[in-house]
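# Structural features, examined
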Amino acid sequence: MTFILSRRGLLAGAAAFAVAPAFAALSSAMQDVLDYVGGQKTTGFIVVRDRATLVEKNWPLPADAAPFRGNFSYGTTPDGALLEDVASQQKSFVAMLAAIAVDKGLLDVEKPVSDYIGAGWSKAAAEQERAILVIHLLTMSSGLSEGLAYVAPADSVFFYNTPAYAVTKRVLAAAAKQTLETMTQDWLTAPAGMTNTAWRKRPAVFADVGNPTGLVTCPRDVAAFGQLVLDGGRAAGGARVVSEAALAALFARSKTNPAYGRLWWLNGAAYSLRPPGKRAEGSLLPAAPDDLVAALGALDRKLYVVPSLKLVVVRMGQAAPDKDFDQQLWIRLMKALA
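Throughout what follows, the structure given in this document is the object of discussion. (Residues numbered from 1 in each chain as written. Predicted model: local features only at pLDDT ≥ 70, side-chain atom pairs only at ≥ 80, totals over all residues. Heavy atoms only, no water.)

Take the overall build of the chain next. In terms of helices and strands, the chain carries eleven helices and 13 strands. For the chain, the C-alpha radius of gyration of 19 Å lies close to 20 Å, the compact-globule estimate for 338 residues. For the C-alpha atoms alone, the extent of the chain along its principal axes is close to 65 × 40 × 40 Å. The burial tally for the chain puts 55% of its 338 residues in the buried class. Once local pairs closer than 6 in sequence are excluded, the contacts in the chain between residues at least 24 apart make up 57%. A total of about 13700 Å² of accessible surface is found on the chain, and carbon and sulfur atoms cover 55% of it. (Helix = DSSP H or I, 4+ residues; strand = E, 2+ residues; numbered from the N terminus. Rg over C-alpha atoms; globule rule 2.2 N^0.38 Å. Buried < 20%, exposed > 50% of the residue type's maximum accessible area, 1.4 Å probe, protein only. Contact = heavy atoms within 4.5 Å. Areas by Shrake-Rupley, 256 points an atom, 1.4 Å probe, with all protein chains shown as cover.)

On to the pairing of strand β12 (residues 301-306). Within β12, six of the six residues are buried, leaving the element largely enclosed by the surrounding structure. Relative to β12, strand β11 (residues 293-297) runs antiparallel, the two being bridged by five bridges. Looking at β12, one finds that A294 is bridged to Y304. Connecting the antiparallel pair β11 and β12 is a turn made up of three residues, with L299 showing a positive phi of about 65 degrees. Relative to strand β13 (residues 311-317), β12 runs antiparallel, the two sharing five bridges. Across the sheet, the residue bridging to V306 is L311, located in β13. (Pairing = 2+ DSSP bridges.)

With that settled, the discussion passes to helix α3 (residues 90-103). The end-to-end C-alpha separation of α3 is 20 Å, in line with the 20 Å expected for 14 residues at 1.5 Å each. Most of α3 is tucked away, with twelve of its 14 residues classed as buried. For α3, the full list of buried residues reads Q90, K91, S92, F93, V94, A95, M96, L97, A98, A99, I100 and A101. Where α3 ends, the next residue or the one after it, G105, has phi of about 75 degrees, a positive value. (Expected span 1.5 Å × (residues − 1).)

To continue, consider helix α9 (residues 219-230). Note: α-helices contain 3.6 residues per turn, so residues at a spacing of three or four share the same orientation. Along its twelve residues, α9 runs 16 Å from first to last C-alpha, staying within 8% of the 16 Å computed at 1.5 Å per residue. Among the twelve residues of α9, eleven are classified as buried, and the element is accordingly described as predominantly covered. Taken as a whole, α9 has its buried residues at P219, R220, D221, V222, A223, A224, F225, G226, Q227, L228 and V229. Directly after α9, the chain includes G232, whose backbone phi takes a positive value near 70 degrees.

This brings us to the nonpolar core. In terms of nonpolar packing, the biggest core is built from 99 residues, with F45, M96, L107, W264, L303, L329 and W330 touching the most fellow members. Examining the composition of this core, we find that nine residues originate from one element, α3, more than from any other. Counting residues in each nonpolar core, the second largest holds six residues, with L61, F68, F72 and F206 among its members. (Core = buried A, V, L, I, M, F, W, Y, C linked by side-chain atoms within 4.5 Å.)

This paragraph deals with the pattern of salt bridges. Counted under the stated rule, the structure contains twelve salt bridges. E244 is the partner of R240 in a salt bridge, and the nearest nitrogen-oxygen pair spans 3.8 Å. The class of R240 is partly exposed, set by a relative accessible area of 36%. Residue classification places E244 among the exposed residues on the basis of a relative accessible area of 55%. For D326, the salt bridge goes to K302, with nearest N and O atoms at 2.9 Å. With D326 in helix α11 (residues 325-337) and K302 in strand β12, this residue pair connects regions lying 24 residues apart in the sequence. (Salt bridge = Lys/Arg side-chain N within 4 Å of Asp/Glu carboxyl O.)

Structurally, G317 is set in strand β13. In this structure G317 comes out as buried when scored by relative accessible area, which is 0%. Remark: the alpha-carbon pair of G317 and G38, spanning 279 residues in sequence, is separated by 9.8 Å. Discounting residues that sit within four places of it in the chain, G317 has contacts with K41, T42, T43, F68, E84, L299 and R301.

The next subject is the pairing of strand β5 (residues 82-85). Side chains on a regular strand alternate between the two faces of the sheet. Taking every second residue as pointing to the same face, both faces of β5 are buried, with L82 and E84 on one and L83 and D85 on the other. One ladder, built from two bridges, connects strand β4 (residues 73-76) with β5; its direction is antiparallel. Considered in β5, the bridge of T76 is made with L82. What sits between β4 and β5 in their antiparallel hairpin is a turn of five residues, with G80 showing a positive phi close to 95 degrees. Relative to strand β7 (residues 213-217), β5 is paired through two bridges, and the arrangement is antiparallel. Bridge pairing in β7 places D85 opposite V216.

See below:
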């Protein structure tokens, strides 16, 4: 089912998505966007501009998607959207929790990680470990290998390191003295109206990735998260979830990779270092506006937020699309939004 130009949009959070009669047909350019996305193994797609839902569509899993169904899918929402483990997209949600913890005075990102979870959490020597601050986990600059062994001084190199990132969740739980599940519900998902988002233990196939808990959510909830960012940290109705200062810090370009902030990807830099660390000249996403920020996960799970366009775009998928999917999508989107 496709919903078109629902003026209620995300105004009241994820719950505000209502099945309402469409009152305008898709433009040919927007239909081209939808046709392209639909042919790219997509499971859910939403475009929200200025709180108006321009298009929303969910696709059922095909019969040959058994591996995805067994490892990433957790059923559906009442309106038929898949509940999916969104892979590394979870990192940006954790970054938001860290920002809220800073606001609450519970977390100081300039303190050593060991101040919160004790010494010996890595395989680095005691002095080397002590030099790793919380901010280094958030900016992928810990200097550790995926096995948490010392490779380089902290804050000297960018290495997209999921096991090191996962330590951030332990830090947050220790700083807040509560579980990740509780703080996520109380600080973020409930205020933002994200009713279908929760942490789940991952299947055994993920045992070696160093990050055993997955964030399970749906396209509307991810869009609500994006709208929270777009609205400067305020939830629908005006309640403040995170301060403007703490939110802005998430999108400050890091020293070791100008296309990366605090567990968020940033467009508009002169170059980017992408996993596993290959340098690419030019903007992360040339066809998109420079102020785009993104929460990205495996299989090309996408949350794009573009303040200059008042735009939130979500793409979920059950398999990786074409290699130039980002560029092709944004070429079409910019034409449709013009």
